[in-house]
Amino acid sequence: MATPDLLFNLRNLFHLGAYQAAINNSDVPGLDADAAAERDTIVFRSYIALGSYQLVISEIDSSAATSLQAVKLLAVYLTGDKEGAISSLKEWLSDSAIGSNPVLRLIAGIIYMHEQDYNEALKHTHSGGTLDLHALNVQIFIKMHRSDYAEKQLKIMQQIDEDHTLTQLANAWLDIAVGGSKIREAYLIFQDFAEKYPMTGMVLNGKAVCCMHMGSFEEAETLLLEALNKDAKDPETLANLIPAEAVTS
């Protein structure tokens, strides 16, 4: 019998952007050491997503696991110490003992994507190994306007776990990037999330972007105002509201 995935709900909350809920529901009993380290990684990445960079920096000490050190490095980068973070990142990636750690490679990809150095990001993420890495590859290839390569990554994800939240999200991102008739398919993915899980700003934004592509600006504005009620400072919501309100006002 397959052992139950004790972190399924926690992972789902994080991937769908329910960061506070992920933190609140992180007390999962019965975790072994590896699962506990993954749980802590999700929790601290949730704090980073909420902007609590200093909390992450102060809570993760130098004796923590490599995956947590990598997450701390992302927090350092996002506080503005980009040079220091990238310098440490390069040093760790060149260390044969920890350089292949999947979370370290994921954080490297995220940091270099922030830097818009997509080729450097792919150096560390292209070999994949986890759904998180493949999903990040999809995002990077979309930013590079290479939907053909993004589709190859998505197919790998579908072979690993077609129903996984990250696979479905990556599918929706690619559908939006391709456009045309694919927009409707992306909308249905976000609608499915909305019916299965608590509504998050990420899902509302996903639906709203699809609506705008389909010309339904009033529905998009309604969705974005709902997202704004959840987080009045969310940059994605604020950016998406500009075109939505421009058409409806």
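The following paragraphs examine the structure supplied in this document. For every chain, the first residue of the written sequence is number 1, and numbering continues from 1 along that sequence. Local features are withheld for residues below a pLDDT of 70 in this predicted model, meaning they are given only at 70 or higher, and side-chain atom pairs are given and counted only at 80 or more; totals for whole chains, interfaces and linings count all residues. Excluded from the side-chain calculation are hydrogens and water; included are all heavy atoms of the structure.

Some details on unusual backbone geometry
Okay, step 1: A positive phi angle is found at Q116, which is not glycine, with a value near 60°.
Okay, step 2: Secondary structure elements follow DSSP: runs of H or I of four or more residues count as helices, runs of E of two or more count as strands, with numbering from the N terminus. Take Q116: it is sitting in the loop between α7 (102–114) and α8 (118–125).
Okay, step 3: Relative accessible area decides the class of each residue, using a 1.4 Å probe on protein chains only: under 20% of the type maximum gives buried, over 50% gives exposed, and in between gives partly exposed. Q116 sits in the exposed class, given a relative accessible area of 60%.
Okay, step 4: For H145, which is not glycine, the phi dihedral falls at a positive 60°.

Observations concerning the layout of surface pockets
Okay, step 1: The calculated volume of the second largest pocket comes to roughly 430 Å³.
Okay, step 2: Within the residue set of the lining of the second largest pocket, elements represented by two or more residues are α1 (8–15), α3 (33–49), α7 and α9 (131–143).
Okay, step 3: In terms of residue count, α3 provides more of the lining of the second largest pocket than any other element does, 6 residues in total.
Okay, step 4: A class-by-class count of the residues in the lining of the second largest pocket yields 8 nonpolar, 5 polar and 5 charged. A cavity, in this analysis, means grid points on a 1 Å lattice covering only the protein atoms where a 1.4 Å probe fits yet has no way out; a pocket is instead an open set bounded by protein on both sides within 12 Å along at least five of seven lines, and a residue lines either one if it has an atom within 4 Å of a point. Grid points are joined across faces, edges and corners, and a volume is the space filled by probe spheres set on the points. As a working rule, the residues Ala, Val, Leu, Ile, Met, Phe, Trp, Tyr, Cys and Pro are called nonpolar, Asp, Glu, Lys and Arg charged, and the rest polar, with Gly in that last group.

Focus on the pattern of salt bridges
For side chains of opposite charge, pairing can occur when their charged atoms come near one another.
Okay, step 1: Here, a salt bridge means any side-chain nitrogen of Lys or Arg that lies within 4 Å of a carboxyl oxygen of Asp or Glu. Applying the stated rule across the entire model yields 9 salt bridges.
Okay, step 2: Measuring nitrogen to oxygen at the nearest pair gives 2.8 Å for the salt bridge that ties D5 to R11.
Okay, step 3: Under the relative-accessibility criterion, R11 is labelled buried at 16%.
Okay, step 4: Residues R39 and D40 are paired through a salt bridge, measuring 2.7 Å at the closest nitrogen-oxygen approach.
Okay, step 5: For R39, a relative accessible area of 17% gives the class buried.
Okay, step 6: Judged by its relative accessible area of 25%, D40 is partly exposed.
Okay, step 7: Here the salt bridges share partners, and the residues they tie into one network are D5, R11 and E38.

Things to note about the environment of E162
Okay, step 1: As for its placement among the helices and strands, E162 is situated in the loop between α10 (147–161) and α11 (165–178).
Okay, step 2: Here the alpha-carbon distance between E162 and K230, two residues 68 residues apart in the chain, equals 30 Å.
Okay, step 3: Contact definition: two residues touch when any of their heavy atoms are within 4.5 Å. For E162, the contacting residues outside a window of four places in its chain are M157, T167 and Q168.

Comments concerning the packing of helix α13 (residues 201–213) against helix α15 (residues 235–248)
Okay, step 1: In contact at an axis separation of 11 Å, α13 and α15 are set at 20° when each is read in the N-to-C sense. The angle between the axes of α13 and α15 places the two elements in the roughly parallel class. Here α13 and α15 pass one another in a crossing that is left-handed. Residues N205, V209 and M212 of α13 lie in contact with α15, whose contacting residues are E236, T237, N240, P243 and A244.
Okay, step 2: Here the residues of the contact of α13 with α15 are counted per class, giving 4 nonpolar, 3 polar and 1 charged. The axes used here are C-alpha line fits, helices contributing only the stretch in contact, and every angle between their N-to-C directions lies in the interval 0 to 180 degrees. Any angle between 65 and 115 degrees counts as roughly perpendicular, while under 35 counts as roughly parallel, over 145 as roughly antiparallel, and the rest as oblique. Throughout, a crossing is termed right-handed when the near helix is turned clockwise from the far one, and left-handed when it is turned anticlockwise from it by less than a right angle.

Considering the environment of Y53
Okay, step 1: Locating Y53 in the fold gives a position in helix α4 (residues 53–59).
Okay, step 2: The class for Y53 is partly exposed, based on a relative accessible area of 25%.
Okay, step 3: Placed 21 residues apart in sequence, Y53 and L74 show a C-alpha to C-alpha distance of 8.6 Å.
Okay, step 4: Those residues in contact with Y53 that sit more than four places away from it in its chain are I48, A75, L78 and T79.

Re the nonpolar core
Okay, step 1: Ranked by internal contacts, the top residues of the largest apolar core, which has 40 residues, are V56, L89, I107, I111, I140 and M157.
Okay, step 2: Only α3, α5 (66–79), α6 (82–93), α7, α8, α9, α10 and α11 provide two or more residues apiece to this core.
Okay, step 3: Dropping the residues within four chain positions of it, V56 is found in contact with F44, Y47, I48, V71, K72 and A75.
Okay, step 4: Membership of the second largest hydrophobic core comes to 24 residues, among which are L169, F190, V203 and C210. Remark: nonpolar core denotes a set of buried residues (Ala, Val, Leu, Ile, Met, Phe, Trp, Tyr, Cys) joined through side-chain atoms within 4.5 Å.

Points about the side chain of T200
Okay, step 1: Mapped onto the elements of the fold, T200 is located in the loop between α12 (182–196) and α13.
Okay, step 2: Under the relative-accessibility criterion, T200 is labelled buried at 6%.
Okay, step 3: Not counting chain neighbours up to four residues away, the residues in contact with T200 comprise L16, G17, A18 and K230.

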